Amino acid sequence: MSILVDENSSVIVQGITGREGGFHTRKMIEYGTAVAGGVTPGKGGEWFEGKPVFDTVESAVRVTGADVSLVAVPAAFAPDAICEAAFAGIRLVVCLTEFIPVREMMKVMHHLNQTGCRLVGPNCPGLLSPGLAKIGIMPGFIATPGNVGVVSRSGTLTYEVVYALSQAGMGQTTCIGIGGDPIIGTSFVDVLRLFEEDPQTEKVAILGEIGGRAEIDAAEFIREHMTKPVAAFIAGASAPEGTRMGHAGAIIEGSEGTAASKIDALRNAGARVAENPEQIPELLC
Amino acid sequence: MNLHEYQSKARFAEFGIPVPMGEVAHTPDETFALARQACCAVVVKAQVLAGGRGKAGGIRLANTPEEARDHASAILGMQIKGHRVRSVLIDPAASIAQEIYLGIANDRAEARPVLMASAEGGVEIEEINRLRPEAIVREHVDPVAGLFTFQAVRLASAMDLPRKHWRAFGQIVAALVRCFEESDAELAEINPLVITEDDSLLALDGKMVIDDNALPRQPQLAALHDSSELSGAETMAREAGISYVRLDGQIGCMVNGAGLAMTTMDMTLLYGEARGIGPANFLDIGGGARADTVATALRIILSDENVKVVLCNIFGGITRGDEVARGILTACEEVQLKVPMIIRLQGTNADEGRRIINDAGLSGIHAAGTLTEAARMAVDAAENDL
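Rules used in this analysis
Residues numbered from 1 in each chain as written. Chains lettered and ligands numbered in written order. Predicted model: local features only at pLDDT ≥ 70, side-chain atom pairs only at ≥ 80, totals over all residues. Heavy atoms only, no water. Pairing = 2+ DSSP bridges. Helix = DSSP H or I, 4+ residues; strand = E, 2+ residues; numbered from the N terminus. Contact = heavy atoms within 4.5 Å. Axes fitted to C-alpha atoms, helices over the stretch in contact; angles between N-to-C directions. Salt bridge = Lys/Arg side-chain N within 4 Å of Asp/Glu carboxyl O. Phe/Tyr/Trp six-rings, centres within 6.5 Å; stacked < 30°, edge-to-face > 60°. Lys NZ or Arg CZ within 6 Å of the ring centre and 35° of its normal. Expected span 1.5 Å × (residues − 1). Buried < 20%, exposed > 50% of the residue type's maximum accessible area, 1.4 Å probe, protein only. Right-handed = clockwise from strand over helix to strand, strands pointing away. Domains from an automatic or database assignment. Buried area = accessible area lost by both parts, 1.4 Å probe. Nonpolar A, V, L, I, M, F, W, Y, C, P; charged D, E, K, R; others polar.

(A) View of the sheet that holds strand E5 (residues 68-71) of chain A. Residue and element names in this part refer to chain A. Read across the open sheet, the seven strands follow the order E3-E4-E2-E1-E5-E6-E7; overall the sheet is mixed. Every interior strand has two partners, whereas the edge strands, strand E3 (47-48) and strand E7 (118-120), have only one. Taken together, the four bridges between strand E1 (residues 11-14) and strand E2 (residues 35-39) define a ladder with parallel strand orientation. For Val 11, the partnering residue across the bridge sits in E2 and is Val 35. Along the sheet, helix H1 (residues 19-31) contacts E1, E2, E3, strand E4 (51-54) and E5; its crossing angle with E1, the most-contacted strand, is approximately 165°.

Structure follows, in structure tokens:
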């Protein structure tokens with residue numbers, strides 16, 4: 001078992017004929033992901049790597065029955081692409097795109113909340129269920145099938161920990177990068193809940209960062225609802241406080257954004273907190 | 001991107017928010033001339049992208065043009081939290097009956113902007129939030145529909161604002177929300193918004209932070225970017241699409257990805273702190289960086305003379321190990337590498353990258369297997385040179 005995606009997920013790539021989209025589509029097919037086709041407005045009827053290209057998500061869904069979409073289009077088009085997928089009945093949208101203005105993401109979330117669609121990202125590496133499916137840009141060779149669930153706000157830090165787990169002989173159910181932007185579709189708490197409910201996931205690794213209060217919410221969820229062991233790492237303990245102007249951010253967040261407050265909250269919730277990400281495997285032994 | 005106070009207030013004025021009619025001076029003599037024109041007491045305010053200006057002595061009242069000139073002499077060139085003051089804003093002094101706080105910022109968890117207001121404005125607003133959060137009233141704004149008029153009434157009523165000010169206050173709230181939205185701001189704040197002794201409302205101080213991701217579609221705001229606040233290395237980084245923040249340690253870090261870059265810094269401090277060693281910088285070369293970006297990153301790191309060792313930690317996903325290796329060799333041809341370099345390559349094409357580095361046979365370059373090993377080697381190398 002895995003969360004969110006498995007070998008039956010049928011995937012379309014929005015932006016399949018683009019440089020990024022094309023490159024990662026090939027990698028996903030190589031990994032064995034069931035890529036059903038792609039969408040590039042104006043290129044409907046063409047083929048890419050033996051997969052049909054459509055003008056709209058609606059027609060792609062109608063013909064292929066796809067239930068998952070990977071959005072790999074530039075920031076100026078990504079908010080529209082996410083909404084198009086959601087309105088076409090896509091169940092899960094994974095958005096890789098970086099640099100989307102916050103204001104646009106707030107509007108996207110407003111529209112998404114009226115559909116049953118889940119968004120992962122934006123500005124994320126996507127997800128990887130080892131041996132089953134890869135939706136995004138995580139390098140497949142670092143992961144092996146197993147019973148650890150990995151969730152992270154970062155990209156390469158996720159690879160670091162997944163690789164360390166694999167080296168230690170500890171495989172993963174699903175590795176998921178939820179993205180580093182201020183507004184994201186799927187939170188730590190959402191993913192922790194899915195891991196807690198997934199029968200094959202026995203242990204969970206959570207990788208956070210300074211800023212925001214997502215890790216504080218995660219700690220509350222771990223304390224109240226998690227029965228499975230959790231190991232955590234928070235990046236940025238050495239980062240100096242930025243040149244912050246204005247009080248509004250501090251009024252919303254209080255002191256919750258610091259590494260120390262997040263580490264304390266996770267520890268108090270029963271998670272084992274690593275001071276070095278390469279310690280995560282031993283903390284889950 | 002942070003805007004200066006004078007830039008924020010000019011933007012507020014475009015949306016109809018009443019602000020003092022101030023002007024910017026760069027020298028004491030300009031200050032004298034502006035103060036004389038004003039025909040009244042003025043406030044000389046340091047224009048610098050840092051908080052805590054008042055406490056640092058960067059905001060002073062002057063009753064005469066001569067006094068204003070003296071204050072400007074003292075303030076210009078002053079360092080406030082590491083930022084040098086290059087200009088001052090000369091505002092006519094206001095007679096203040098009450099100070100209000102009014103701000104709007106993005107609430108991440110709610111995915112909506114939130115307006116915040118308090119009848120107890122001023123510099124202690126964060127302290128008030130900590131001790132008596134109920135003294136700050138909040139109102140979320142719908143990202144699609146925008147502000148409803150009744151929401152400003154709710155704020156005014158909840159903060160016990162005298163009724164005679166509700167109309168003016170409501171207009172300022174509406175204007176601030178529009179200014180925030182149309183500027184793609186992450187923060188727009190008036191603190192204090194004052195009620196003057198003649199019963200009018202005036203935005204005495206203003207702060208705006210613009211979403212960097214929106215700058216491509218906000219050319220008018222992007223043009224306000226103050227590059228004098230950036231060092232040469234920071235400007236070079238900005239142009240190459242590299243995130244760089246200089247710190248005060250000895251280990252120059254070159255990493256791909258912000259999370260891993262922070263982690264690499266954390267590791268150098270974890271093993272080095274007891275020996276007085278830590279990171280010299282945060283540097284993220286970004287995803288899929290090519291050889292020339294890597295070379296630029298190395299030049300930026302080496303421009304900091306505190307750097308005793310370079311720690312390069314690359315976990316390749318879309319970034320390829322062979323590209324990184326070629327970039328390091330290119331940079332080494334141009335800049336003489338006088339300090340040791342620890343290289344740890346993992347992930348996509350890492351084997352080929354390691355082969356390229358080994359074949360080049362450069363002295364002073366050492367390979368590390370794990371992040372832990374790399375961080376320990378860097379700390380040892382930095383210590384040997386201290």
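(B) Inspection of the pattern of salt bridges at higher detail. Residues and elements named next belong to chain B. A full pass over the atoms with the stated rule returns 34 salt bridges over all chains. One salt bridge in this structure joins Asp 380 and Arg 275, with 3.1 Å as the shortest N-O distance. Remark: Arg 275 occurs in the loop between helix H9 (258-272) and strand E15 (281-284) and Asp 380 occurs in helix H13 (residues 371-385); sequence separation between them is 105 residues. A network of salt bridges, in which partner residues are shared, links Glu 5, Lys 9, Lys 45, Arg 53, Asp 91, Asp 205 and Lys 207.

(C) Here's a closer look at the sheet that holds strand E2 (residues 42-47) of chain B. All names here are of chain B. Ordered in space as E1-E6-E2-E3, the four strands form an open sheet in which the pairing is antiparallel. Unpaired on one side and paired on the other, strand E1 (23-25) and strand E3 (59-62) mark the two borders of the sheet. Each neighbouring strand pair of the sheet contributes to a mean axis angle of 30°, computed without reference to strand direction. Across four bridges, the pairing between E2 and E3 is antiparallel. Across the sheet, Val 42 pairs through a bridge with Ala 62, a residue of E3. In this fold helix H2 (residues 28-38) packs onto E1, E2 and strand E6 (87-92), with an angle of close to 155° to the strand it touches most, E1.

(D) Broad picture of the packing of aromatic side chains. The full count for this structure, using the stated rule, is three aromatic pairs over all chains. Between the aromatic rings of Tyr 163 of chain A and Phe 315 of chain B, the centroid separation amounts to 5.6 Å while the plane-to-plane angle is 75°, which identifies the pairing as edge-to-face. Linking Tyr 163 of chain A in helix H5 (residues 156-167) with Phe 315 of chain B in strand E16 (residues 309-316), this pair reaches from one chain into another. When the ring centre of Phe 32 of chain B is taken as origin, the NZ or CZ atom of Arg 69 of chain B, which lies over that ring, is 4.4 Å away.

(E) Layout of H1 of chain A. All names here are of chain A. Over its 13 residues, H1 extends 19 Å from the first C-alpha to the last, a length consistent with the 18 Å expected when each residue adds 1.5 Å. Along H1, the positions that sit buried rather than exposed are Gly 21, Gly 22, His 24, Thr 25 and Met 28. Where H1 terminates, the next one or two residues include Gly 32, which has phi positive at roughly 105°.

(F) Fine view of the pairing of strand E10 (residues 145-152) of chain A. All names here are of chain A. Burial analysis of E10 places six of its eight residues in the buried class, the great majority of the element. Inspection of the sheet shows E10 paired to strand E11 (residues 172-177) by five bridges, in the parallel sense. By the bridge assignment for E11, Val 148 is matched with Gln 172. The handedness of the E10 to E11 crossover, carried by H5, is right-handed.

(G) Highlighting the domain arrangement of chain A. All names here are of chain A. Domain annotation for chain A reports domain 1 (11-120) and domain 2 (126-283). Centre-to-centre separation of domain 1 and domain 2, based on C-alpha positions: 25 Å. Listed as interface residues are 19 residues of domain 1 and, on the opposing side, 24 residues of domain 2. Looking only at domain 1, the three residues that lose the most surface to domain 2 are Tyr 31, Arg 118 and Val 120, adding up to 37% of its buried area. The interface formed by domain 1 and domain 2 holds one salt bridge in total. Among the salt bridges present, the one from Arg 118 reaches Asp 190, with a minimum N-O distance of 3.7 Å. For the side of domain 1 that touches domain 2, the secondary structure elements donating two or more residues are H1, E5, helix H4 (102-112) and E7. Its residues assigned to classes, the side of domain 1 that touches domain 2 comprises 14 nonpolar, three polar and two charged.

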